[in-house]
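As a plain string of letters, each chain reads:
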Amino acid sequence: QVHLVESGGGLVQPGGSLRLSCVASGNIFSIDAMAWHRQAPGKARELVASISSGGTTNYADSVKGRFTISRDNAKNTVYLQMNSLKPEDTAVYYCNADIRSRPLFAARPYWGQGTQVTVSS
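Residues numbered from 1 in each chain as written. Predicted model: local features only at pLDDT ≥ 70, side-chain atom pairs only at ≥ 80, totals over all residues. Heavy atoms only, no water.

Another point: the packing of aromatic side chains. On inspection of all chains with the given rule, the structure shows zero aromatic pairs. The lysine or arginine in question, Arg45, covers the ring of Tyr94, its NZ or CZ lying 3.7 Å from the ring centre. The lysine or arginine in question, Arg45, covers the ring of Trp111, its NZ or CZ lying 4.9 Å from the ring centre. (Phe/Tyr/Trp six-rings, centres within 6.5 Å; stacked < 30°, edge-to-face > 60°. Lys NZ or Arg CZ within 6 Å of the ring centre and 35° of its normal.)

Our focus in this paragraph is the sheet that holds strand S7 (residues 67-72). Pairing within the open sheet is antiparallel, and its four strands lie in the order S1-S3-S8-S7. The open sheet has two edge strands, strand S1 (2-7) and S7, and neither has a second partner. Between one strand axis and the next, the sheet turns through 15° on average, direction left out of account. (Pairing = 2+ DSSP bridges. Helix = DSSP H or I, 4+ residues; strand = E, 2+ residues; numbered from the N terminus. Axes fitted to C-alpha atoms, helices over the stretch in contact; angles between N-to-C directions.)

What follows is the structure in structure tokens.
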């Protein structure tokens, strides 16, 4: 069993900052890519940012220059630093990771339960 647990969401004013964390635990041999996605009410889930096991990052155009994804491999944790937040960033943010439970086994995608981020004055 593998679990991903997000934390750090909340209510913030426009222009403010939040830092999301996601910890993976359980039967983990190695973690490949990790990512953050979000889903706003009435909209499809979208990729916000991703980071490879080697540290290569990728961002959605809407968050470039404002959000930073990072990871601590020793702690099986991925972070999302969100600055200059806008009302349109309001969504449930989900953590995702491709995890191998045993050597030579294919990596499987796992998802967290989501954390709400609300940007409002």
